[in-house]
Amino acid sequence: LVMILLSGIFSPHLFAKDISKRNIKKNYGKVLEYKGLKEKFKIEKTKKHTLHFLHSKGKLEIPETVLADNIEISVQKVKLAYDRKKFKARGEVHQLGPGGLRFKKPVLLTLPYTAPEGFKEEFIHIYYYNKPEERWQLMEKVDQDFENNTITAKIEHFSPYVPGTGSYSVNEGLSPTAGYFKN
């Protein structure tokens, strides 16, 4: 009788299900697919640069003297593993490289976004993926062009970035995204 109860509690089906959930979470932040070509730009540390991405309406504005050395920068759209219950991408993830590069002062990143009909676009922000915390982290919004559906934020390092909406709280109350995660 005890054996029957234990075999019901420790069924292989339940155990396998639990393992698969852990494996999915373990992959958060991992690139699942590279989309299109990787764009590369040579940057001189003493010059101001505005890089226009060929594969989107995105751009990166780098003022002079924010880099320690001359460098080659890359941009590529990617599909990233993350918890889609807590965050809704409103555009494509842009992987900026070399990963982890830090600037002396913030630079400006502009990315295109899409919004479902009726959605308040001002709730869309740019986020970067914080891999140690396994979550998207909000960046400071500088500008939003509602006509061209682009958004600009200050960034201080290279990571995966995407326009989106998260289930976070703001001063005005709870984020409006709960009903929009189905879109």
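Residues numbered from 1 in each chain as written. Predicted model: local features only at pLDDT ≥ 70, side-chain atom pairs only at ≥ 80, totals over all residues. Heavy atoms only, no water.

Q: I'd like to hear about the overall build of the protein, residue by residue, with values.
A: A tally of regular secondary structure across the protein gives two helices and 14 strands. Taken across its 183 residues, the protein has 37% of its residues classed as buried. Summed over all atoms, the accessible surface of the protein reaches about 11500 Å², with 54% contributed by carbon and sulfur. (Helix = DSSP H or I, 4+ residues; strand = E, 2+ residues; numbered from the N terminus. Buried < 20%, exposed > 50% of the residue type's maximum accessible area, 1.4 Å probe, protein only. Areas by Shrake-Rupley, 256 points an atom, 1.4 Å probe, with all protein chains shown as cover.)

Q: A description of the environment of lysine 42 should follow, citing residues and the corresponding values.
A: Checked against the element boundaries, lysine 42 lands in strand 1 (residues 31-43). By relative accessible area, which is 69% here, lysine 42 ends up exposed. When the C-alpha atoms of lysine 42 and isoleucine 73 are compared, they prove to be 6.4 Å apart, with 31 residues separating the residues in sequence. Ignoring any residue separated from it by four or fewer positions in sequence, one finds lysine 42 in contact with His49, Ile71 and Glu72. Of note is the side chain of lysine 42, whose polar atom sits 3.4 Å from the side chain of glutamate 72. (Contact = heavy atoms within 4.5 Å. Polar contact = N/O pair within 3.5 Å; in protein donor to acceptor, adjacent residues only side chain to side chain.)

Q: Summarise the pairing of strand 8 (residues 125-130); cite the residues concerned and give the values.
A: Along any regular strand the residues' side chains alternate between the sheet's two faces. Most of strand 8 sits inside the fold, with six of its six residues counted as buried. Burial along strand 8 is two-sided: the face carrying His125, Tyr127 and Tyr129 and the face carrying Ile126, Tyr128 and Asn130 are both buried. Examined bridge by bridge, strand 8 and strand 12 (residues 160-166) share four bridges and lie antiparallel to one another. Opposite isoleucine 126, over in strand 12, you have proline 163 as the bridge partner. For strand 8 and strand 9 (residues 135-138), the ladder comprises four bridges, and the chain directions are antiparallel. Bridge pairing in strand 9 places tyrosine 127 opposite leucine 138. Here strand 8 folds back onto strand 9, and the loop between the two strands holds four residues, one of which, glutamate 134, carries a positive phi near 50 degrees. (Pairing = 2+ DSSP bridges.)

Q: Before we move on, can you summarise the pattern of salt bridges with the specific residues and values?
A: Going through the model one piece at a time under the given rule, you end up with seven salt bridges. Here lysine 42 ties to glutamate 72 by a salt bridge, and the two come within 3.4 Å at their closest N and O atoms. One end of the pair, lysine 42, is in strand 1; the other, glutamate 72, is in strand 4 (residues 71-80), and 30 residues separate them in sequence. For glutamate 72, a relative accessible area of 37% translates into the label partly exposed. The partner of lysine 47 in a salt bridge is glutamate 44, with the nearest N and O atoms 3.7 Å apart. A residue is classified by how much of its surface remains accessible, and glutamate 44, at 38% relative accessible area, is partly exposed. Salt bridges here are not isolated pairs; linked through shared partners, they connect Lys35, Lys77 and Glu92. (Salt bridge = Lys/Arg side-chain N within 4 Å of Asp/Glu carboxyl O.)

Q: So, the environment of lysine 59: which residues are in play, and what are the values?
A: Among the structural elements, lysine 59 can be located in strand 3 (residues 59-62). Setting aside chain neighbours within four positions, we find lysine 59 in contact with Thr50, Leu51, His52, Phe53, Leu108, Leu109 and Thr110.

Q: Any details on the packing of aromatic side chains? Residues and values, ideally.
A: Here the structure, examined in full by the defined rule, presents seven aromatic pairs. Summarising the aromatic geometry, the rings of tyrosine 82 and tryptophan 136 are spaced 5.3 Å apart at their centres and angled 85 degrees between planes, so their arrangement reads as edge-to-face. One end of the pair, tyrosine 82, is in the loop between strand 4 and strand 5 (87-89); the other, tryptophan 136, is in strand 9, with 54 residues separating them in the sequence. A relative accessible area of 9% places tyrosine 82 in the buried class. Under the relative-accessibility criterion, tryptophan 136 is labelled buried at 8%. Taking 5.1 Å as the distance between ring centres and 25 degrees as the angle between the ring planes, the aromatic pair formed by phenylalanine 87 and tryptophan 136 counts as stacked. Of this pair, phenylalanine 87 sits in strand 5 while tryptophan 136 sits in strand 9; the two residues are 49 residues apart in sequence, bridging distant segments of the chain. Feature note: the residues Tyr82, Phe87, Tyr127, Tyr129 and Trp136 constitute an aromatic cluster, connected by ring pairs. Cation over ring: arginine 90 sits above phenylalanine 119, and NZ or CZ is 4.9 Å from the ring centre. (Phe/Tyr/Trp six-rings, centres within 6.5 Å; stacked < 30°, edge-to-face > 60°. Lys NZ or Arg CZ within 6 Å of the ring centre and 35° of its normal.)

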